[in-house]
Amino acid sequence: MLLRAAVWLGLFWAIGLLAGCGPAPFNEKERATIVSLSLSALKPLPPDPTNAYADQPGAAALGATLFFDTRLSRDGNVSCGTCHKIDRHFQDDLPLGVGVSTNNRRTMPLAGVAWSPFLFWDGRRDSLWAQALTPLEDAREHAGNRAAYAHFIAGHFRERYERIFGPLPDLDGVPDNAGPLGTREQQAAWASLGDAQRDGVDQVFVNLGKAIAAFERSLTPQPTRFDRFAGALAKGENPRSADALSDEEVQGLRLFIGKANCITCHNGPRFTDDHFHKTGVPDAAGLPAESGRADGVSKVLADPFNCAGRFGSGRLENCPELLFIKKDGPELLRAFKTPSLRGVADRPPYMHAGQIPDLAAVVDHYARAPKAPAGHSEAEPLTLSEREKAALVAFLRTLSDP
Amino acid sequence: MSASLRFLLALLVLVVLVSGGFYVSDRLRPTAAAPAQAQAGLPRTKPTVAGLYQVSIEPENATVPQGELHAWVLTLRTPDGKAVDGAEIAVDGGMPAHNHGLPTSPKVTAALGEGRYRIDGVRFNMGGRWELRFAISGAAGTDAVAFDLDV
């Protein structure tokens, strides 16, 4: 009798223990941090004061057409969508993007891009439209020139263009190919144009970028299982079973916002601080050493299409990001942008030149925190068990579509 | 009580004690190190290093946002409380623990009078302990002050 009672007692204890074996509940501070990462905390799309067409549906529709039009390239075979693939979260799964030839950077995904104050891995552009123009004239990407693009718009999209932007300039006498960044012949042709002709071509080129930017503003991050979990947590409810995080995922989340320090840079609903950091990522094999943000700062300040330029707001005082930009300091050299982690598990390889093949290796990199190839690394070594590393990866998978 | 029963009971007691201990320790384990949110012990009014001035800082809006450009108001006084106008103030700072400076270059954008200066272009892109340093040149001379903040 006593034996039987003892066995039952043991059984009840064991059941109680199992029920309590799950992860400890989050405290208030952790709960607030988790909610700050969810899409419900995402601020409304910021306006772009440099793009009067940013929120015009007609401009966005034209931009969508242009985004996928391969005729916007030297050889007629590269569009924005060549690297920013619509069925691959607007990236291309390659270590280095391939347009007309191979680039020196990993293609960035585009969901939520309109929230970024600076574009590209080194932040060398300060608006979506100025960003969109850059690959169009980059010899490795679209390899085109702005005179050719202006003629292309006039020849194929005149009516749609004029409905949005007003009359096209007179392009008579503008050679088929001319631009300040093209081949030697194209640069010479550009130099031979009168100011009014150059200005007309620039205006069409800029509006092409503004239309593409209007389209890209519609590419917003989509809620994932993590957001549904965080939403339930915010309301003090239990998430539906399909949305609940496993014990391992919860452990990963706790590490992410806690001792693994991921949230230091990957913060907010897009999991990025929109800034540039040095984390000891090795240079890509076969590519020259890069100066990262240090180069990006010089380029964005020199960009004729930046916020302060005449196609932007026209005044530096209207451009707080440029007005208060950090121009020097050792932390700029080799610093690269914190990428968003939304959808991150779907898009190996990682880092600005695809140097790290998978998420487990990324977590391992931050745990080891190797010395930077030059200068110091902001990353500090972490003591993480194999189980903890796996938990972090498991959590990162909850940031992908279900 | 048979020996086997005694053994079983002893085993049960042991299991209960050990597992209970694990259970309790799991519940009591401190959760993720929460950065100190309270600004307790972090003064917003300080004398400068050489004691030439008294400096107060406060965010222009009530809260300190993370990730957004925002402004602070610095109030400069003499040690006996008189407002100091016409001073030159340079802003610096960073995260000492991460060995990096501020992500932006904040500047004084307006002298608001009565010793108050608007400092714009501040951004705290990361959570944690930040430092804001001010180099001040005024009629009384050149001095400096640093404030710690938790974001």
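Given the structure is predicted, the values throughout are model-derived calculations rather than measurements.

Things to note about the overall build of chain A
- What chain A contains, in helices and strands, is 15 helices and two strands.
- Judged by the C-alpha coordinates and their principal axes, chain A covers about 105 × 45 × 40 Å.
- Looking at the 402 residues of chain A, the share that counts as buried comes to 44%.
- Restricting to contacts in chain A with at least 6 residues of sequence separation, those with at least 24 account for 70%.

What about the overall build of chain B?
- Assigned secondary structure in chain B consists of one helix and nine strands.
- What you see in chain B, going N to C, is helices and strands ordered as α-β-β-β-β-β-β-β-β-β.
- Counting all 151 residues of chain B, 23% fall into the buried class.

Digging into the sheet that holds strand 9 (residues 141-150) of chain B
Residue and element names in this part refer to chain B.
- Spatially, 5-4-8-9 is the arrangement adopted by the four strands of the open sheet, whose pairing is antiparallel. Of all the strands in the sheet, the pair left with one neighbour each is strand 5 (100-101) and strand 9.
- Taken together, the ten bridges between strand 8 (residues 129-138) and strand 9 define a ladder with antiparallel strand orientation. Looking at the pairing, I136 lines up with D143 of strand 9.

Thoughts on the domain arrangement of chain A
All names here are of chain A.
- Under the domain assignment, chain A is made up of domain 1 (24-42 + 223-292 + 333-397) and domain 2 (57-216).
- Taking only C-alpha atoms, the centre of domain 1 and the centre of domain 2 are 32 Å apart.
- The partner domain 2 presents 19 residues to the 18 residues of domain 1 that form the contact.
- Broken down by class, the residue content of the side of domain 1 that touches domain 2 amounts to seven nonpolar, five polar and six charged.

Topic: the nonpolar core
Residues and elements named next belong to chain A.
- Counting residues in hydrophobic clusters, the biggest one holds 56 residues, and the most contacted among them are W129, Y149, A150, F205, L208, A211 and I212.
- For this core, the leading source of residues is helix 9 (residues 195-216), giving ten residues.
- Looking at this core, you find at least three residues from each of domain 1 (24-42 + 223-292 + 333-397) and domain 2 (57-216).
- The contacts of Y149, once residues within four sequence positions are left out, are L72, L136, G144, F205 and L208.
- In terms of nonpolar packing, the next biggest core, distinct from the first, is built from 35 residues, F226, Y366, F395 and L396 among them.

Quick look at unusual backbone geometry
Residues and elements named next belong to chain A.
- The omega angle of the peptide bond from P348 to P349 is -5°, so this bond is cis rather than trans.
- Inspection of the secondary structure assignment puts P349 in the loop between strand 2 (336-337) and helix 14 (359-368).
- Positive phi outside glycine occurs at N261, with the angle close to 60°.
- With respect to the helices and strands, the residue N261 is situated in the loop between helix 11 (247-257) and strand 1 (276-277).
- Located in the positive-phi region is A369, a residue other than glycine, with phi close to 50°.

Observations concerning the pairing of strand 7 (residues 116-122) of chain B
All names here are of chain B.
- Relative to strand 7, strand 3 (residues 70-77) runs antiparallel, the two being bridged by five bridges. Bridge pairing in strand 7 places W72 opposite I119.
- Examined bridge by bridge, strand 6 (residues 107-113) and strand 7 share five bridges and lie antiparallel to one another. Looking at the pairing, K107 lines up with D120 of strand 7.
- Counting the residues that bridge the hairpin from strand 6 to strand 7 gives two residues, and of these E114 lies at a positive phi of roughly 55°.

Section: the sheet that holds strand 2 (residues 54-59) of chain B
All names here are of chain B.
- The five strands are arranged 1-2-3-7-6 in an open sheet whose pairing can be described as antiparallel. Every other strand in the sheet has two partners, leaving strand 1 (45-47) and strand 6 as the edge strands with one partner each. Strand after strand, the sheet turns through a mean of 25° between neighbouring axes, direction not considered.
- Pairing of strand 1 with strand 2 involves three bridges; the strand directions are antiparallel.

Here we look at helix 7 (residues 158-165) of chain A
Residue and element names in this part refer to chain A.
- Within the sequence span of helix 7, burial applies to Y161, I164 and F165. Buried residues of helix 7, seen end-on, are gathered within an arc of 75° and therefore sit on one face of the element. Facing away from the buried surface of helix 7 by more than 90 degrees, the exposed residues are R158, E159 and R163.
- Positive phi appears at G166, one or two residues downstream of helix 7, with a value of about 90°.

With respect to the packing of helix 2 (residues 28-37) of chain A against helix 10 (residues 225-235) of chain A
All names here are of chain A.
- At a closest axis distance of 9 Å, the pairing of helix 2 and helix 10 adopts a crossing angle of 135°. By the angle between their directions, the pair helix 2 and helix 10 is classed as oblique. You can see that helix 2 and helix 10 cross each other, and the crossing is left-handed. Residue-level inspection shows R31, I34, V35 and L37 of helix 2 in contact with helix 10, the latter providing A230, L233 and A234.
- Partitioned by chemical class, the residues of the contact of helix 2 with helix 10 number six nonpolar, no polar and one charged.

What to know about helix 3 (residues 57-67) of chain A
Residue and element names in this part refer to chain A.
- For helix 3, the complete set of buried residues consists of A59, A60, L62, G63, L66 and F67. Projected onto a plane normal to the axis of helix 3, the buried residues spread over an arc of 165° and lie on a single side.
- Looking at the buried side of helix 3, the elements it contacts are helix 4 (80-83), helix 7 and helix 9.

Side note on the packing of helix 11 of chain A against helix 15 (residues 386-397) of chain A
All names here are of chain A.
- The N-to-C vectors of helix 11 and helix 15 enclose an angle of 95°; their axes lie 7 Å apart at closest approach. Judged on the interaxial angle alone, helix 15 and helix 11 are roughly perpendicular. Where helix 11 abuts helix 15, its residues E248, E249, Q251, G252, L253, L255 and F256 lie against E388, A391, L392, A394 and F395.
- Residue composition of the contact of helix 11 with helix 15, grouped by class: seven nonpolar, two polar and three charged.

Structural notes on the environment of A111(A)
Residues and elements named next belong to chain A.
- Looking at the element boundaries, A111 is found in the loop between helix 4 and helix 5 (128-137).
- Taking the C-alpha atoms as reference points, A111 and D401, separated by 290 residues in sequence, lie 12 Å from one another.
- Apart from the residues within four sequence positions on either side, A111 is in contact with H89, F90, L219, T220, P221, R342 and G343.

Description of the environment of V300(A)
All names here are of chain A.
- In this structure, V300 sits in helix 12 (residues 293-302).
- We classify V300 as buried; it has 25 C-beta atoms within 10 Å.
- Note: C-alpha distance between V300 and R124 (176 residues apart in sequence) is 4.5 Å.
- Apart from the residues within four sequence positions on either side, V300 is in contact with F118, G123, R124, R125, D126 and N306.

Scoring rules and cut-offs
- Residues numbered from 1 in each chain as written.
- Chains lettered and ligands numbered in written order.
- Predicted model: local features only at pLDDT ≥ 70, side-chain atom pairs only at ≥ 80, totals over all residues.
- Helix = DSSP H or I, 4+ residues; strand = E, 2+ residues; numbered from the N terminus.
- Buried ≥ 20, exposed ≤ 12 C-beta atoms within 10 Å, placed from the backbone.
- Contact = placed C-beta atoms within 7 Å.
- Pairing = 2+ DSSP bridges.
- Domains from an automatic or database assignment.
- Nonpolar A, V, L, I, M, F, W, Y, C, P; charged D, E, K, R; others polar.
- Core = buried A, V, L, I, M, F, W, Y, C linked by C-beta atoms within 7 Å.
- Axes fitted to C-alpha atoms, helices over the stretch in contact; angles between N-to-C directions.
- Arc of directions from axis to C-beta.
- Parallel < 35°, antiparallel > 145°, perpendicular 65-115°, else oblique.
- Left-handed = near helix turned anticlockwise from the far one by under 90°.

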